[in-house]
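# Fold and contact review
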Amino acid sequence: MASPVLSTYRLQLRGPAGCRLTFADTENLLDYLDELGISHLYLSPILTATSGSTHGYDVTDPTTVAADLGGPDGLARLSAAARSRGMGLIVDIVPNHAGVEVPVENPWWWDVLRHGRSSDYAAFFDIDWDLGAGRIILPVLESERDLTGLTRRGDTLALGELVLPIAPGTGAGDPHQVLDRQHYQLVDWRSGVCGYRRFLTINTLAALRQEDEQVFTTTHREVARWFAEEIVDGVRIDHLDGLSDPVGYLCRLRALIGPRAWIVVEKNLATGETLDPGLPVAGTTGYDALRLIGGLFVDPEGAPGLTALAAPTAVGPLPALRATTAAALTNDAQRLLRCVTASTGSSEPRLAEALAALLGQVGVYRCDYATTEPILPAAIAQAAAAAPELAGPLGVIGAAVADGSEAAVRLQQLCVTVVAGAVEGRLFHRYARLVSLNEFGGDPLRFGCTSGEFHTAVAGRARHWPESMTTLSTHDTMRGEDVRARIGVLSQLPERWAGTLERWETRVGCPDAATGLFLWQNIFGAWPEDGIVTEELRARLHAYTRKAIREAGGRTCWRDPDTAFEHAVAEWLDAVLHGPVAGELTELVRELAPHAHSDAVAQKMLALTVPGVPDVYQGTELWEDSLADPDNRRPVDFAARRVELGAATHPKMRVVHAALRARRELPDAFRRGAYRPMLAAGPSADHVVGFRRGDDVAVAVTRWTVRLARFGWGDTAMPLPEGTWTDRLTGRSWSGAISAAELFGELPAVLLERHRP
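Residues numbered from 1 in each chain as written. Predicted model: local features only at pLDDT ≥ 70, side-chain atom pairs only at ≥ 80, totals over all residues. Heavy atoms only, no water.

As annotated in an unreviewed UniProt entry, the chain is Malto-oligosyltrehalose synthase from Mycolicibacter arupensis.

Structure (structure tokens):
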């Protein structure tokens, strides 16, 4: 096996048909990543996915390594090449769902469509056979009129590019007569009706029943081989909470791949929620750390002004937002309620209303882990207290889920969809107080993170989850780390931002004021410092804007888009990009660039040195300007990064290189070393965050530099423990109490190593 997982570098692999990055291409990056200080490559999903997939999460055959990436031989060569350098591989796996957008490419799904319940793979998918009276309802039509284009091609039916199988012995007659005899039924995707559980509400991703031993064994046969042959050292589990039995799944996985494998799980922990300590994993993929680190750089003095400014975008109490989201999920809710009725025999007419009210009170993704079990009875009580008339149907639901049966499982899975839809969907794309807080693992309603909260939480990570992942950017983040850092600077000048927006809106008014409040911050965050608006940037911002306003679900949405409104917003965006406001945007971005860069460098240092295993998302060792996917999955210019690594002049690259090399050379300090906060002293002490790792490593960063520039450091100093401390970034050495002005004279972060007499 390779060395312990000290750090990871996330790579978004692509086949030759896309922005190519295959196993062979990745081999050519090993020398660069090794020099950077990375211990393990962290690969996006590598199993066979839908042709042309840009992400790999739509796996169509989990038993094979994607041929367009290099197949099993290419993976083996990459692993061997990495091991020859003392490096290893971590792979992202997708147990929760499979890609079904192109049925013919998924052999299991194709077989189920062809043979129905008699298929050998009928139990592999979570199909609602009752909903379609024994037929699978497929939400694939743009409208019922599409069926006029149905044709027959041999033993298949075709509707445009969609091809579906014909069951044996059912091919007589015209295409519509044939369709009526199939094991599936085609409906308008806007109807909200779907015959199978999905990944959230995405129709093209059908859930897999990993609770079935045969399904688990078959879908993990290739994964097991990787560990048996020591090709891979760990896995990242995508969307853990979507599984029927997350704890049982992880226990089976741990038994399958062995005690030494590094396992991290994608899980959104609510603020105050802790990861179940009984899970056989190293920790999460780091959304919780992202909130803590980014929140440190949000100035609490900006809260009142930005809160007032964002008032038109307020969404009201979260329970109401979650309840509204739940009420709209009629397909999944009705399936759950059928289970409730079957379990209890009750036909209480207000069950649906009671279910929505209950889900409104559940603020976590799942409440069936050991650490979250008390939430469900409390939520039932809170829902009944808010609406006493629903106490009866709430009691029925409580009785149905008390024994952990199918109703209980479906309730938990519906919680996931509701919280994701209400928070990551609606709230994150509507509330415009400070959109850098609208992030996975984050809570926009909490204005950043105090140093006290940070130190306490991070010390807890050191004690309980020292090998959990830490990150700032992922393939899923709403905005890249540097975009969030720039937007966060606005917390230090709320009055100026409010005045600027008022002036800009007067000159170039958005068709909807609330939408404008949200989009202006995102445009500011991604605006180029040189002010050059390329056609690529224009296309990226237009794509982001369309996605954001549809996700918000206010004036337009995915199911029923308001094309007139969308066109008006697009015209407004072009007026911003190419009109007189563009020059003012550039001036503001340039003026605040030193502060944005300072925060970006400082938060990167924290992410690389706090307890946990740091992940560097591809390309983020230099400045990056990404927005939500697919924008954050663009190809990376590694040639430029090689140059910068050799030049050692880019501040972010210097921090990444120095911190990763320190982790490699001083593993005990970072893997097992205690976490001890270090407090500065003096009038500007709150502008410093510092800590020690073990006995001989110390880290300090500065923050809130706009406000700091007004008052200066004064006699603020950082007392250092006994010995001589040398900064691995600059080579400068200090002893005793060091002036903050001197400590941060060159960079906004220091990484100190003690040299004892």
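Having seen it, we continue.
## Concerning the overall build of the chain
Selection rule: Secondary structure counts use DSSP, requiring at least four H or I residues in a row for a helix and at least two E residues in a row for a strand, with both numbered from the N terminus. Classification of residues uses two cut-offs on accessible area relative to the type maximum, computed with a 1.4 Å probe and protein chains only: under 20% is buried, over 50% is exposed, and between them is partly exposed. Contacts are residue-level and defined by heavy atoms, with any inter-residue pair within 4.5 Å sufficient. For every accessible area listed, the method is Shrake-Rupley and the probe measures 1.4 Å; residues are considered covered only by the protein chains on display.
Counting its secondary structure elements, the chain contains 28 helices and 26 strands. For the C-alpha atoms alone, the extent of the chain along its principal axes is close to 85 × 60 × 50 Å. Looking at the chain residue by residue over its 757 residues, the buried ones come to 60%. Here the contacts in the chain between residues at least 6 apart in sequence split such that 73% fall between residues at least 24 apart. A total of about 27,600 Å² of accessible surface is found on the chain, and carbon and sulfur atoms cover 54% of it.

## Considerations on the sheet that holds strand E17 (residues 469–470)
The condition that has to hold: Only when DSSP finds a minimum of two bridges between them are two strands counted as paired.
Pairing within the open sheet is parallel, and its eight strands lie in the order E16-E15-E14-E5-E2-E1-E18-E17. Two strands in the sheet have a free side with no partner beyond their single neighbour: strand E16 (283–284) and E17.

## So, the layout of surface pockets
Which entries qualify depends on this criterion: Two kinds of site are reported from a 1 Å grid over the protein atoms alone, namely cavities, where a 1.4 Å probe fits but cannot get out, and pockets, open sets with protein on both sides within 12 Å along at least five of seven lines, and residues are called lining when an atom falls within 4 Å of a point. Grid points are joined across faces, edges and corners, and a volume is the space filled by probe spheres set on the points.
Considering only enclosed or pocket space, the second largest pocket measures out at about 870 Å³ in volume. Breaking the lining of the second largest pocket down by element, the ones donating at least two residues are helix H18 (481–488), helix H20 (513–526), helix H21 (535–552), helix H23 (581–609) and helix H24 (638–647).

## Some remarks on the UniProt feature "domain: Glycosyl hydrolase family 13 catalytic" (unreviewed entry) in the chain
Heads up, the rule is: UniProt positions are given in the numbering used here, feature names are shortened, and annotations may be inferred rather than shown by experiment.
Mapped onto this numbering, the UniProt entry annotates "domain: Glycosyl hydrolase family 13 catalytic" (unreviewed entry) at residues 23–663. For residues 23–663, helix accounts for 47% and strand for 11%, while the C-alpha atoms at its two ends are 26 Å apart.

## Topic: the domain arrangement of the chain
Short version of the rule: What counts as a domain boundary in this text is fixed by an automatic or database domain assignment.
Per the domain assignment, the segments of the chain are domain 1 (8–95 + 210–266), domain 2 (103–207), domain 3 (290–313 + 429–481 + 597–649), domain 4 (318–427) and domain 5 (671–754). Summarising the inter-unit geometry, the C-alpha centres of domain 1 and domain 5 are found 39 Å apart.

## A word on helix H8 (residues 246–257)
Which entries qualify depends on this criterion: A helix's residues, less one, multiplied by 1.5 Å, set its expected span.
Taking 1.5 Å per residue, twelve residues should reach 16 Å; H8 reaches 16 Å between its end C-alpha atoms and fits that length. Of the residues making up H8, those classed as buried are Pro246, Gly248, Tyr249, Leu250, Arg252, Leu253, Arg254 and Ile257. Close packing links the buried residues of H8 with strand E5 (88–93), helix H6 (213–219), helix H7 (221–228), strand E14 (234–237) and strand E15 (262–265). Gly258, located one to two residues past H8, shows a positive phi value of around 100 degrees.

## Things to note about the sheet that holds strand E10 (residues 162–165)
Operational definition: Angular values range over 0 to 180 degrees, each being the angle between N-to-C directions of two axes fitted as lines to C-alpha atoms, with helices fitted over their stretch in contact.
Taken together, the three strands give an open sheet; going across it, the order is E8-E9-E10, and neighbouring strands pair in antiparallel fashion. The sheet terminates laterally at strand E8 (151–153) and E10, the two strands that pair on one side only. With strand direction ignored, the average angle separating the axes of adjacent strands in the sheet is 35 degrees. For strand E9 (residues 156–159) and E10, the ladder comprises four bridges, and the chain directions are antiparallel.

## Overview of unusual backbone geometry
Cis geometry marks the peptide bond from Asp629 to Pro630, where omega comes out at 5 degrees. One can find Pro630 in the loop between strand E18 (613–617) and H24. Notably, His239 is not glycine yet its phi reads approximately 50 degrees, a positive angle. Residue placement: His239 occurs in the loop between E14 and H8. On the basis of relative accessible area, His239 is assigned to the buried category, the value being 9%.

## Brief notes about the packing of helix H12 (residues 330–344) against helix H13 (residues 351–361)
Selection rule: Our angle categories are set so that under 35 degrees counts as roughly parallel, over 145 as roughly antiparallel, 65 to 115 as roughly perpendicular, and the remainder as oblique. Crossings are assigned a handedness: left-handed for a near helix turned anticlockwise from the far helix by less than a right angle, right-handed for a clockwise turn. Under the scheme applied here, ten amino acids are nonpolar (Ala, Val, Leu, Ile, Met, Phe, Trp, Tyr, Cys and Pro), four are charged (Asp, Glu, Lys and Arg), and all others, including Gly, are polar.
Between H12 and H13, the shortest axis-to-axis distance is 11 Å and the interhelical angle comes to 115 degrees. Accordingly, the angle class assigned to the pair H12 and H13 is roughly perpendicular. The element H12 and its partner H13 pack so that their crossing is right-handed. Contact residues: Ala333, Gln334, Leu336, Leu337, Val340 and Thr341 in H12; Leu351, Ala352 and Leu355 in H13. Classifying every residue of the contact of H12 with H13 by side-chain character gives seven nonpolar, two polar and no charged.

## Considering the side chain of His220
In plain terms, the rule: In protein, a polar contact means a hydrogen-donor-capable atom and an acceptor-capable atom, both N or O and within 3.5 Å, with residues adjacent in sequence counting only if both atoms are side-chain atoms; elsewhere, any N or O pair within 3.5 Å suffices.
Tracing the sequence through the fold places His220 in the loop between H6 and H7. Side-chain polar atoms of His220 contact the side chain of Thr219, separated by 3.0 Å. For His220, the contacting residues outside a window of four places in its chain are Ile93, Pro95, Gln210, Tyr249, Leu253 and Leu256.

## Focus: the environment of Leu517
With respect to the secondary-structure elements, Leu517 resides in helix H20. Taking the C-alpha atoms as reference points, Leu517 and Val435, separated by 82 residues in sequence, lie 9.9 Å from one another. Here Leu517 is in contact with Leu309, Pro312, Thr313, Ala432 and Leu501, once residues within four sequence places are set aside.

## Brief notes about the nonpolar core
Note the cut-off: In plain words, nonpolar cores are sets of buried Ala, Val, Leu, Ile, Met, Phe, Trp, Tyr and Cys residues tied together by side-chain atoms within 4.5 Å.
Counting 91 residues, the largest nonpolar core has Leu11, Trp226, Ile237, Phe454 and Leu606 as its most contacted members. For this core, the element with the highest residue contribution is helix H25 (residues 651–665), accounting for seven residues. Those residues in contact with Leu11 that lie beyond four places of it in its chain are Leu21, Thr26, Leu29, Leu33, Leu41, Tyr42, Leu43, Ser44, Gln618 and Phe638. Judged by nonpolar contacts, the second largest core, of 48 residues, contains Ala432, Leu517, Phe518 and Ala628.

## Side note on the packing of aromatic side chains
Using the following cut-off: Two rings from Phe, Tyr or Trp (for Trp, the six-membered ring) form a pair when their centres are within 6.5 Å of each other. A pair whose planes differ by under 30 degrees is stacked, one over 60 is edge-to-face, and the rest are tilted.
As enumerated under the stated definition, the model contains 15 aromatic pairs in all. A ring pair is formed by Trp108 and Tyr121, whose centres lie 5.6 Å apart and whose planes are at 15 degrees; its orientation type is stacked. In this pair, Trp108 is assigned in helix H4 (residues 107–115) and Tyr121 in the loop between H4 and strand E7 (136–141), connecting sequence segments 13 residues apart. Tyr121 sits in the partly exposed class, given a relative accessible area of 27%.

## Considerations on the pattern of salt bridges
Applicable threshold: Salt bridges are defined by distance alone: a side-chain nitrogen of Lys or Arg within 4 Å of a carboxyl oxygen of Asp or Glu.
If you walk through the whole model with that rule in mind, you get 56 salt bridges. For the salt bridge of Asp34 with Arg85, the shortest nitrogen-to-oxygen distance reads 3.2 Å. Taken together, the residues Asp34 in helix H2 (residues 30–36) and Arg85 in the loop between helix H3 (71–83) and E5 connect sequence positions 51 residues apart. On the basis of relative accessible area, Asp34 is assigned to the buried category, the value being 16%. Taking the relative accessible area as the measure of exposure, Arg85 reaches 38% and is therefore partly exposed. Each of the salt bridges in this network shares a partner with another, and the network as a whole consists of Asp126, Asp128, Arg197, Arg335, Arg338, Glu406 and Arg410.

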